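Understanding the architecture of this molecule
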Amino acid sequence: MNFQVAIPIVLYLAIVFYIGYLANRSIAKTKASFLNEYFIGNRSMGGFVLAMTLVATYVSASSFIGGPGMAYKVGLGWVLLAMVQVPTAYLTLGFLGKKFAIVARKINAITINDFLRVRYENAAVVVIASVSLLIFFTAAIVAQFIGGARLFEAIGVPYKVGLFIFALTVVFYTAIGGFRAVVLTDAFQGIVMVCGTFALLFGIIRAGGGMEAISARIMAQDPALLTPFGAGGFVTKPFILSFWILVCLGVIGLPHTAVRCMGYKDSRSMHRAIVIGTFVTGFLMLGMHLAGALGRGALPGIEVVDSVIPTLTIKILPPIFAGIFLAGPMASIMSTVDSQLLLASAAIINDLYVGYINPDAAHNDSKVRRISFIVTALIGVIVFLVALNPPSLIVWINLFAFGGLEAVFFWPIVMGLYWKRATASGALASMIVGVVFFILLSQYSSILHGVHPIVPTFVVTFVAFVIGSYMSRPSVDAVKKVWE
Amino acid sequence: MDINEDPRYKLANKEAFYSLLLTLLYFFWWYGFAYGLGSKPVTSYSFIMGFPSWFFWSCIMGFVVFSFASWAMVKFFFKDIPLDSDGKGTVPEGEEG
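Residues numbered from 1 in each chain as written. Chains lettered and ligands numbered in written order. Predicted model: local features only at pLDDT ≥ 70, side-chain atom pairs only at ≥ 80, totals over all residues. Heavy atoms only, no water.

Here we look at the overall build of chain A
Each helix and strand counted, chain A has 20 helices and zero strands in total. Relative to a compact globule of 484 residues, whose C-alpha radius of gyration would be 23 Å, chain A shows 22 Å and is just as compact. With the C-alpha coordinates aligned to their principal axes, the bounding extent of chain A is approximately 65 × 50 × 45 Å. The burial tally for chain A puts 62% of its 484 residues in the buried class. The long-range fraction of contacts in chain A, counting pairs at least 24 apart against all pairs at least 6 apart in sequence, stands at 85%. (Helix = DSSP H or I, 4+ residues; strand = E, 2+ residues; numbered from the N terminus. Rg over C-alpha atoms; globule rule 2.2 N^0.38 Å. Buried < 20%, exposed > 50% of the residue type's maximum accessible area, 1.4 Å probe, protein only. Contact = heavy atoms within 4.5 Å.)

Next comes the structure, spelled out in structure tokens:
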């Protein structure tokens, strides 16, 4: 193991632990109720933190490892695909926007499921939402844990040791510090990601002898690498256009990004976050994927997609920068896992336990506090054990996690917020049809000719939602609570 | 339904609409430059700063221009309003709608 590479990573882990400790102290001092503090940070996020946590939560291993690896293999066409995500920050914040923030305050919602519970007044809606959130998040967290451990492998730490360090860090600071620890570490991790991206892109262009030289060398390997269609015409139009639904519009329906839209302090914070968030998302997407695509001109011949970025980093950057860079993807993974872990814990404690099983517990702070720490840590331990030897079922579920969450949550959130006629029957129809249809269609995706299964799923769930709503009576009381 | 709607929602709906509109505009920029300039054979590509021109305009300038556009949208079209329940009913200064 190279110690110069290890120094920035150890430093990074130490800072993250420290932030968790600080957040824990602020929980002890808060005057707000424990649930409000632990799961939504007492709605105190300012613009910078909001922007960074939104971006960092959304940007995961796929933007730092998998995506750039594909750009290396396919060329600039894959960078074009990644750039679909430029609007995500202003679209998510602007579309859910002030309305979501105002509604959340009116009904005192601290999770997405709180909103669904008040808006639809139906236990089945909340239970289905919570259970699918738990299933998809658990699978996604396991997958991210594995990615984190692989990064440690890249610097010579054995898989199981890496997994242990990684899991211990993220579970510890999330469990003791709650939402505040999650968003503050996200802000720090966002900065690490930006620095890492800048270092790698700069290093690759320098190692390749400038842009012109790199383009010429890529052209000599395969001219198709320089087209929007990619090597072998891999990036077809139906394929790339589907990503506008999956990773741009659909992001509105991801619970872990949507919940951030009800946790900011005031409208000024949201305005600032739109600007900073848009810039940072665009910079990370462009920088990382371009680094992958140009890496081919600087260092050709890497075969395995997932090892492109670690290999480029170790071979091209000086060791100390390589350490800073590897902290980048690690930060991207941790900042996604922490939010999902906390929301999974919120689903159990806030949405199911306090929401239905024992509502009186909401007033018993010390009891809820104890349960919350334990549940969050317990989910972490379970996920760690599963990641030690991941069963194929988990890997399989993770394939549907991203699209599956959108299929469940997108229309119930959007219609619940903007359509007064939306009812519980509509939401139920859309959620159930969504999961079943999306997973089935994914099995037979060859009939779609390159269109991603999420696209027909969005159409079908929309129709199911509208029909379901019109077949039931308008929910007058709930609409009054949300609109008046 | 007879509902006495929170007056802040009118503004919120308008801002949500602007956000969708800016997303649509970005789509046209992204798609237009990528496939408008990039669909011809590679041998007839022109290059800007070492990048194929379609890529330079669609991805690099697209990112720069729309980062700026998001700032302009917030600065000129978004209004600062209270979000708390007790802010209900107060129409923000300079807000006509």
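Points about the UniProt feature "transmembrane region" (unreviewed entry) in chain B
Residue and element names in this part refer to chain B. Following the UniProt record, the feature "transmembrane region" (unreviewed entry) maps to residues 16-34 and 54-78 here. Structurally, residues 16-34 is divided into 100% helix and 0% strand, and its ends, taken at the C-alpha atoms, are 27 Å apart. From the first C-alpha to the last, residues 54-78 spans 32 Å; its make-up is 96% helix and 0% strand. (UniProt positions renumbered as here; feature names shortened; annotations may be inferred.)

Comments concerning the interface of chain A and chain B
Listed as interface residues are 58 residues of chain A and, on the opposing side, 51 residues of chain B. Where chain A abuts chain B, roughly 4800 Å² becomes buried across the two surfaces, and 74% of that area is made up of carbon and sulfur atoms. Along the contact surface separating chain A from chain B lie five salt bridges. Close ionic contact of Glu5(B) with Lys420(A) constitutes a salt bridge, the shortest N to O distance being 3.1 Å. Where chain A meets chain B, there are 17 residue pairs in polar contact (both at pLDDT 80 or more). At the level of secondary structure, the elements contributing two or more residues to the side of chain A that touches chain B comprise helix H5 (76-82), helix H6 (88-106), helix H10 (211-221), helix H11 (237-248), helix H13 (267-298) and helix H20 (476-483) of chain A. (Buried area = accessible area lost by both parts, 1.4 Å probe. Salt bridge = Lys/Arg side-chain N within 4 Å of Asp/Glu carboxyl O. Polar contact = N/O pair within 3.5 Å; in protein donor to acceptor, adjacent residues only side chain to side chain.)

Some words on the pattern of salt bridges
For the coordinates displayed, the defined rule picks out eleven salt bridges over all chains. A salt bridge links Asp186(A) to Arg260(A), with the nearest nitrogen and oxygen atoms 3.9 Å apart. Of this pair, Asp186(A) sits in helix H9 (residues 159-207) while Arg260(A) sits in the loop between helix H12 (255-258) and H13, placing them 74 residues apart in sequence. What makes Asp186(A) buried here is its relative accessible area of 0%. For Arg260(A), a relative accessible area of 2% translates into the label buried. Members of the salt-bridge network, linked through shared partners, are Lys106(A), Asp6(B) and Arg8(B).

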